[in-house]
Amino acid sequence: MRTQQWLLELKGYIIRSTTEAARDFWPSPNEVGSPYFNFRLEHIRQVERDALHIMNSERGDEEIVMASVWIHDRFQPQFEGAQHADKAARWTREHLSQLGFPSHKVESVALAVKHHTRRSMDIPQELREAQMLWDADRLARLGPMNLISYMMTHLAEDFLKDLSGNSQFKSGSLSIKDFTPILLEKRSALFRADWFYFDESRTIARKRIAATRAFLDVLETQIY
Ligand SMILES: [Fe+2]
Ligand SMILES: [Fe+2]
């Protein structure tokens, strides 16, 4: 798909809104610059890569996939996002066609973003792009990249301000000794490679889980 005007505008809009929200957590180190991290934007880009990968090995509509990826967390610009899936679906129905997105595909995007927070796997077969977004959004939580994201979010300014009162970090700093057990706890919680709609997603999940497990197994031996 050639990059279309609606997608450029949509990406610009999401980059601006997430960057604005990121200033509260990772303020610019200088007066005029950008925040030093943007967790939500990094997440969206990871979901985009995985969703396109799944779409290329399965059947799907690229315009619906791309619009869904970029809109799905619009109302969760960093960490807060009550009912953000429903809000994103409403935004899609009210605004997406104004950007020049094909009107007849708007409802498919609205349903994809609406379903992305479903806790059970009950998205109907005919909503393939919704299933792709759901898979990609979960794949983003697996693997070495997720551990990097996890570390980076712990460098958010609001977290660092509360560090001295945080019982998990007894030294009052982000010491390796405090942090390592928290990472090791992730070993059991996230590891389900079967819980995806597509074979390709399960293949990616298995690789990421294996890599994370190997990483954490060795890390465990390095605690001092
Ligand atoms: Fe979300
Ligand atoms: Fe997401």
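Going by the structure above, here's the rest.
Let me sum up the structure you'll find in this document. As the structure is a computational prediction, the values presented were derived from the model and not from experiment. (Residues numbered from 1 in each chain as written. Chains lettered and ligands numbered in written order. Predicted model: local features only at pLDDT ≥ 70, side-chain atom pairs only at ≥ 80, totals over all residues. Heavy atoms only, no water.)

Quick notes on the coordination of the iron ion (ligand 1)
A metal bound by six donors in octahedral fashion has ideal angles of 90 or 180 degrees, whereas one bound by four tetrahedral donors has an ideal angle of 109.5 degrees. Within the first shell, the iron ion (ligand 1) binds the protein through Asp 73 (OD), His 84 (NE2) and His 116 (NE2), at distances of 2.1 to 2.2 Å. One chain supplies every donor for the iron ion (ligand 1), spaced along it as D-x10-H-x31-H. Distance-wise, the iron ion (ligand 2) is placed 3.7 Å from the iron ion (ligand 1), both being coordinated by Asp 73. A residue pair is termed long-range when its members are at least 10 positions apart, and His 84 in helix H4 (residues 84-95) and His 116 in the loop between helix H5 (106-115) and helix H6 (128-139) qualify at 32 residues. By relative accessible area, which is 1% here, His 116 ends up buried. (Donors = N, O, S within 2.8 Å, 3.2 Å for Na, K, Ca; no water. Helix = DSSP H or I, 4+ residues; strand = E, 2+ residues; numbered from the N terminus. Buried < 20%, exposed > 50% of the residue type's maximum accessible area, 1.4 Å probe, protein only.)

As for the coordination of the iron ion (ligand 2)
Taken together, the protein ligands of the iron ion (ligand 2) are His 43 (NE2), His 72 (NE2), Asp 73 (OD) and Asp 137 (OD), with distances of 2.1 to 2.2 Å. Taken together, the four donor atoms surrounding the iron ion (ligand 2) define angles of 84 to 178 degrees at the centre, an arrangement classified as irregular. Read N to C, the donor residues that coordinate the iron ion (ligand 2) are spaced as H-x28-H-D-x63-D. (Tetrahedral: all angles 85-135°; square planar, octahedral: opposite > 155°, others 65-115°.)

Side note on the pattern of salt bridges
Taken as a whole, this structure holds 15 salt bridges when the rule is applied. As a salt-bridge pair, Lys 105 and Glu 63 come within 2.6 Å of each other at their nearest N and O atoms. Here Lys 105, found in the loop between H4 and H5, pairs with Glu 63, found in helix H3 (residues 62-71); they are 42 residues apart in sequence, far enough to count as distant. Side by side, Lys 105 and Glu 63 carry an identical accessibility label, which is buried. (Salt bridge = Lys/Arg side-chain N within 4 Å of Asp/Glu carboxyl O.)

Some words on helix H7 (residues 144-153)
Buried within H7 are the following residues: Asn 146, Leu 147, Ser 149 and Thr 153. Along the axis of H7, the buried positions cluster into a sector of 160 degrees, meaning they face one direction only. (Arc of directions from axis to C-beta.)

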